[in-house]
Amino acid sequence: MTVSQTELHRVLQKALRGLGVADGVDDEVADAMVAVATVDPDIVERLLAVDVTPADIPMIPHDVARYAIAGSVFFAGPAIADAVSGWSQRAQAQSLVIDGVDEVALLSRLLGHRLCETRVNRGTDRAEGTLTVVRGIGVTPSATAPGPITVSDVAWDGLKALAARTYVPESTRSRASGAGANLDDNE
Amino acid sequence: MTALTNAPDDRPPHQAPIDPSLRRSGPTVMRLERLGAFHPTRLSFARTLVRRMIRERWSIEPISWDLDDDGYGSAVLKISTPTTPLYFYAFSQSIAPEERTDRVIAERWDTTYALSTAPPSDRTRARLAREVPRQEAGRLEASEWVLSRANKSVRFFEHVVNALANREAPSDALLEDVGYLMRTTAVYGNGKFGLADFDVVRRSGLFALPFQAEMLTVYLVREFSVRLVEHIAARRAHRSSVSLPSPFARALGIGNATGLGMAPFLVTHPRLLHHWMNARETALARVRAVESITAQTLADARSLLDQTHHYVGAWQTDDQRQSDARAKLVTELERVRTDWFSDDALTNHQRPWDQLYIDIDQWASLETVELIVAFLLELHPTLVDDLEHTTAADEQWSYTPTMPVRELRALCETHYGWALALAFDEPKAEQQFWYVSAAKEEPRLGARFEEPGAEHELPIDIGRQVHRLYRATEPDDLRTVGELLQAQPALRGVVRRVQSLAGLEYAEIQANLLDADALPIHMLRCKLATFGANRFDPKSNLWTRITLFQNAPLAGELHRCDENAWALFGASKSITDDAGA
């Protein structure tokens, strides 16, 4: 089905919360996912297939020149980006190598505004690989093309199901006090 | 009142730097109770849209009108603008009385609408006829910008049709009582249900400012509602056409029932909120800086005060709190008139509006003070109107993980003192929680200690979050923000917020929105006033009825009135009235 970018962002953010992602992380990842989805809509299905949880994210060192991430960029991406910023400020080495990156394009997007240039060493955007971050001048991510995105019905339903984990059944009190309540609408 | 002219005492804004002492501070403006006393101003979105339509000579004409004797069927209005044409698709159907509800649970409506860039081809007509009446259950395409619906105000609608059909004048008393033929129950934009993202709308070159497409849709619903009663009356009377008297038609607005669904927007769009408030406060500061006023400006002010008195006198509400506030407003406006407008002394004062504002701020209620703000802005178009272009903003976050935590603490202390001063010792301070309802996926308010679901609370508790962030750090903390968030990722949202909004003094509602005494109706009033709504008629602390576009020029009048034809709370006599029915 065809969805707007705003609509996809909203549902992704809720779905990420439904998976247990923290406030703030959800927004950053949803932003980056929408940008990636404009050229690679299958990223939505890969989120649904991820088999780790946000709780699996380890502490990520801010001052070493190489580390392997555990978990998934879907959850750890913003923290990795923070670590890259910390490294960029503190470490002496010219480059930082991150191994075990399951979503290179997504991580590159999350790193986009940081003071670094990213180079993918190995693998493709869709395969797990190693990302090398080179100290340098900031790279501004390319602007996202406007317009709708086509996602599969299955993926959309999956996102909606995750989002629904954050919903709350309306109370009787709430139903009785919503807009339009207690009035004769045929007046 | 007569159309306001640009007062000769106005200097072009770029030549009038703002005296900081004339600018109201964030803590003054962003109190929840003050936001809940806002009135529409000439910067409100409905007003800026109508001024633009007049200035650019937009035309709105039906290009398809396929309605039966009872007014059921479809119609298309074409909106010709200097850039792209738009098409307003309207669908009208018969519904049973028991189906007619303003509640979000409704599944059928008297009328449904889409604002689209797609011309009415057979395919587009068929697609929209299938999807638009289904509203949330339908799917739109990126060619559609807005989706909406409205129900008839049945008693008044029928009265007007019957009066027109019988060549009688419809009742002015009923008009004053109701104020609209239809009320919208939802106006969706910005990507919902497949609609175009605002970014797509913005790139079209037609609307760079927020909510203009939505406001245009509401204006067109009003236009359609007038044409619909005229159509039904003509068929009923077996005449080729009948017309409502223009002053009567112009006095018709569009009603709306607004609930909690729109309240969190002000928290989730803080940059936008800042820009809206900043435009208003900059305008007020400019007007307060006016060194002197002429006799003509004073005459305009008196005329506007009369108009305002009339509006306030006709403002009806059953809500006790709002009714008390209105009664006080009537009394206080009388005192304003006596103290400041009974002679010509204002023309001899230096900075007369500043003196007026300072005086009123000392003794009047917030309802009166904010009405006077709207009144002052109305008098000085050249000092105010350019600020409408500052009401757009992208909600971009500027997050700096390498910032020392000590610096972050300093930001909290400098910009979130209001939050740090909140106390959360008593259950009352956290009594309410906001959540998304499973039934309609809309924001709702729960009672934390009586209802389940608080674990899914929406993160709009900014005061409490800043409180927690501050307590999670130490004065001698040597970590960076990134390291802090490694240990406590749940703080990421509030950290980004504090870093991003520092210096935007109107970005935050400075109140604990979880407190048992925090009234959501104040948030609704703020947003609706910014849209241009008036006749606030709260039905509880959780929802309100309002009216939009009352007294605005009709579509057929846009080409023969000036930009200031629609003034605060009233129509202008500068619109040449057509002959009535």
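Note that the coordinates shown come from a computational prediction; the quantities given were computed from them, not determined experimentally. (Residues numbered from 1 in each chain as written. Chains lettered and ligands numbered in written order. Predicted model: local features only at pLDDT ≥ 70, side-chain atom pairs only at ≥ 80, totals over all residues. Heavy atoms only, no water.)

## Remarks on the overall build of chain A
Reasoning step 1: For chain A, the count of helices and strands is 7 helices and 7 strands.
Reasoning step 2: Helices and strands in chain A line up, N terminus first, as β-α-α-α-β-α-β-α-β-β-β-α-β-α.
Reasoning step 3: Taking all 187 residues of chain A together, the buried fraction comes to 52%.
Reasoning step 4: For chain A, the share of sequence-separated contacts (at least 6 apart) that also reach a separation of at least 24 residues comes to 68%. (Helix = DSSP H or I, 4+ residues; strand = E, 2+ residues; numbered from the N terminus. Buried < 20%, exposed > 50% of the residue type's maximum accessible area, 1.4 Å probe, protein only. Contact = heavy atoms within 4.5 Å.)

## Brief notes about the overall build of chain B
Reasoning step 1: When helices and strands are counted, chain B shows 22 helices and 13 strands.
Reasoning step 2: For a compact globule of 581 residues, the expected C-alpha radius of gyration is about 25 Å, and chain B comes in at 25 Å, within 12% of that figure.
Reasoning step 3: Referenced to the eigenvectors of the C-alpha coordinate spread, the extents of chain B come out at roughly 85 × 60 × 45 Å.
Reasoning step 4: With 581 residues in all, chain B has 62% of them scored as buried.
Reasoning step 5: Working note: accessible area of chain B is about 20,900 Å², and carbon and sulfur atoms make up 49% of it.
Reasoning step 6: The averaged location of the 79 negative side-chain charges in chain B is 3 Å from the averaged location of its 66 positive side-chain charges. (Rg over C-alpha atoms; globule rule 2.2 N^0.38 Å. Areas by Shrake-Rupley, 256 points an atom, 1.4 Å probe, with all protein chains shown as cover. Lys, Arg positive; Asp, Glu negative; His and termini not counted. Charge placed at Lys NZ, Arg CZ, Asp CG, Glu CD.)

## Topic: the pairing of strand E5 (residues 129–135) of chain A
All names here are of chain A.
Reasoning step 1: Taking burial as the measure, the 7 residues of E5 include 6 buried ones, the bulk of the element.
Reasoning step 2: Across 5 bridges, strand E3 (residues 95–101) lies against E5 in antiparallel orientation. Paired with Val101 across the strands is Gly129, a residue of E5. (Pairing = 2+ DSSP bridges.)

## Some details on the packing of aromatic side chains
All names here are of chain B.
Reasoning step 1: Scanning the entire structure with this criterion turns up 22 aromatic pairs over all chains.
Reasoning step 2: Consider the rings of Tyr219 and Phe549, whose centres lie 5.3 Å apart with planes at 75°: the pair is edge-to-face. On the criterion of sequence distance, the pair formed by Tyr219 in helix H8 (residues 212–236) and Phe549 in the loop between strand E11 (544–548) and strand E12 (566–567) is long-range, its members being 330 residues apart.
Reasoning step 3: Considering the side-chain rings of Phe265 and Trp276, the 6.1 Å spacing of their centres and the 20° angle between planes classify their relative orientation as stacked. With Phe265 in helix H10 (residues 265–268) and Trp276 in helix H11 (residues 270–288), this residue pair connects regions lying 11 residues apart in the sequence. Summarising the burial analysis for this pair, Phe265 and Trp276 share the class buried. (Phe/Tyr/Trp six-rings, centres within 6.5 Å; stacked < 30°, edge-to-face > 60°.)

## A closer look at the side chain of Ser148 of chain B
Residues and elements named next belong to chain B.
Reasoning step 1: Inspection of the secondary structure assignment puts Ser148 in strand E5 (residues 144–152).
Reasoning step 2: Polar side-chain contacts of Ser148 include one of 2.8 Å to the backbone oxygen of Ala186.
Reasoning step 3: Not counting residues within four places of it along the chain, the set of residues in contact with Ser148 comprises Thr112, Tyr113, Gln135, Thr184, Ala186, Val187 and Thr217. (Polar contact = N/O pair within 3.5 Å; in protein donor to acceptor, adjacent residues only side chain to side chain.)

## Some details on the interface of chain B and chain A
Reasoning step 1: Contact with chain B, which involves 63 residues of that partner, is made by 53 residues of chain A.
Reasoning step 2: For the pairing of chain B and chain A, the buried interface totals around 4,500 Å² over both sides, and the portion due to carbon and sulfur atoms is 46%.
Reasoning step 3: Broken down residue by residue, the surface that chain B buries against chain A is led by Arg103, Gln486 and Arg492 of chain B, which jointly contribute 16%.
Reasoning step 4: At the boundary of chain B with chain A, the tally comes to 7 salt bridges.
Reasoning step 5: Glu441 of chain B is paired through a salt bridge with Lys160 of chain A; the nearest N and O atoms lie 3.6 Å apart.
Reasoning step 6: The tally of links between chain B and chain A comes to 24 residue pairs in polar contact (both at pLDDT 80 or more).
Reasoning step 7: The set of elements that each furnish at least two residues to the side of chain B that touches chain A consists of helix H5 (154–165), helix H7 (198–203), strand E7 (253–258), strand E8 (432–437), strand E9 (443–447), helix H20 (481–487) and helix H21 (492–501) of chain B.
Reasoning step 8: Of all the elements, H20 of chain B adds the most residues to the side of chain B that touches chain A, at 5 residues.
Reasoning step 9: Grouping the amino acids of the side of chain B that touches chain A by side-chain chemistry returns 26 nonpolar, 18 polar and 19 charged.
Reasoning step 10: In this sheet, E8 of chain B lies alongside strand E7 (residues 167–168) of chain A in parallel orientation, the contact comprising 2 bridges. (Buried area = accessible area lost by both parts, 1.4 Å probe. Salt bridge = Lys/Arg side-chain N within 4 Å of Asp/Glu carboxyl O. Nonpolar A, V, L, I, M, F, W, Y, C, P; charged D, E, K, R; others polar.)

## As for the sheet that holds strand E10 (residues 534–538) of chain B
Residue and element names in this part refer to chain B.
Reasoning step 1: Judged by pairing direction, the sheet is mixed, and its 9 strands sit side by side in the order E1-E2-E3-E4-E5-E6-E7-E11-E10 without closing on themselves. The open sheet has two edge strands with one neighbour each: strand E1 (59–67) and E10. Between one strand axis and the next, the sheet turns through 25° on average, direction left out of account.
Reasoning step 2: Pairing of strand E2 (residues 73–80) with strand E3 (residues 86–92) involves 7 bridges; the strand directions are antiparallel. The residue of E3 that forms the bridge with Val76 is Tyr89.
Reasoning step 3: Lying over the sheet, H5 contacts E5 and strand E6 (180–188), oriented at roughly 135° with respect to E6. (Axes fitted to C-alpha atoms, helices over the stretch in contact; angles between N-to-C directions.)

## Quick look at the side chain of Ser72 of chain A
Residue and element names in this part refer to chain A.
Reasoning step 1: Within the secondary structure, Ser72 sits in the loop between strand E2 (66–68) and helix H4 (73–90).
Reasoning step 2: Polar side-chain contacts of Ser72 include one of 2.7 Å to the side chain of Asp102.
Reasoning step 3: With sequence-adjacent residues up to four places away left out, Ser72 is seen in contact with Val50, Val52, Gly77 and Asp102.

## Concerning the nonpolar core
Reasoning step 1: Of all hydrophobic cores here, the largest spans 169 residues; its most connected members are Phe88, Phe207, Phe341, Trp353, Ile509 and Phe549 of chain B.
Reasoning step 2: For this core, the leading source of residues is H8 of chain B, giving 14 residues.
Reasoning step 3: Among residues more than four places away in sequence, those in contact with Phe88 of chain B are Ala75, Val76, Leu77, Ile79, Tyr113, Ala114, Leu115, Thr217, Leu220, Val221 and Phe224 of chain B.
Reasoning step 4: In terms of nonpolar packing, the next biggest core, distinct from the first, is built from 50 residues, Leu8, Leu16, Leu106 and Val133 of chain A among them. (Core = buried A, V, L, I, M, F, W, Y, C linked by side-chain atoms within 4.5 Å.)

## Topic: the packing of helix H12 (residues 295–314) of chain B against helix H13 (residues 320–341) of chain B
Residues and elements named next belong to chain B.
Reasoning step 1: Put simply, H12 and H13 touch, their axes get as near as 10 Å, and they point 160° apart. Comparing their axes, H13 and H12 come out roughly antiparallel. As H12 runs across H13, the sense of the crossing is left-handed. Listed contacts from H13 to Leu298, Ala301, Arg302, Leu305, Asp306, Thr308, His309, Val312 and Gly313 of H12 are Arg326, Leu329, Val330, Leu333, Glu334, Arg337 and Phe341.
Reasoning step 2: Per-class residue counts for the contact of H12 with H13 are 8 nonpolar, 3 polar and 5 charged. (Parallel < 35°, antiparallel > 145°, perpendicular 65-115°, else oblique. Left-handed = near helix turned anticlockwise from the far one by under 90°.)

## Description of H11 of chain B
Reasoning step 1: Under the 1.5 Å per step criterion, the end-to-end length of H11 of chain B is 26 Å for 19 residues, consistent within 8% with the ideal 27 Å.
Reasoning step 2: Counting buried residues in H11 of chain B gives 17 out of 19 residues, a clear majority hidden from the surface. (Expected span 1.5 Å × (residues − 1).)

## Examining helix H6 (residues 153–164) of chain A
Because the α-helix completes a turn every 3.6 residues, residues three or four places apart line up on one side.
Residue and element names in this part refer to chain A.
Reasoning step 1: Spanning 12 residues, H6 covers 16 Å between terminal C-alpha atoms, matching the ideal 16 Å at 1.5 Å per step.
Reasoning step 2: The set of residues buried in H6 consists of Ala155, Trp156, Gly158, Leu159, Leu162 and Ala163. Along the long axis of H6, the arc covered by the buried residues comes to 160°, so they all point the same way.
Reasoning step 3: For H6, the secondary structure elements touched by its buried residues are strand E1 (2–3), helix H1 (5–18), helix H3 (43–49) and E7. (Arc of directions from axis to C-beta.)

So, to be careful, I would describe these as geometric facts and stop short of saying anything about function.
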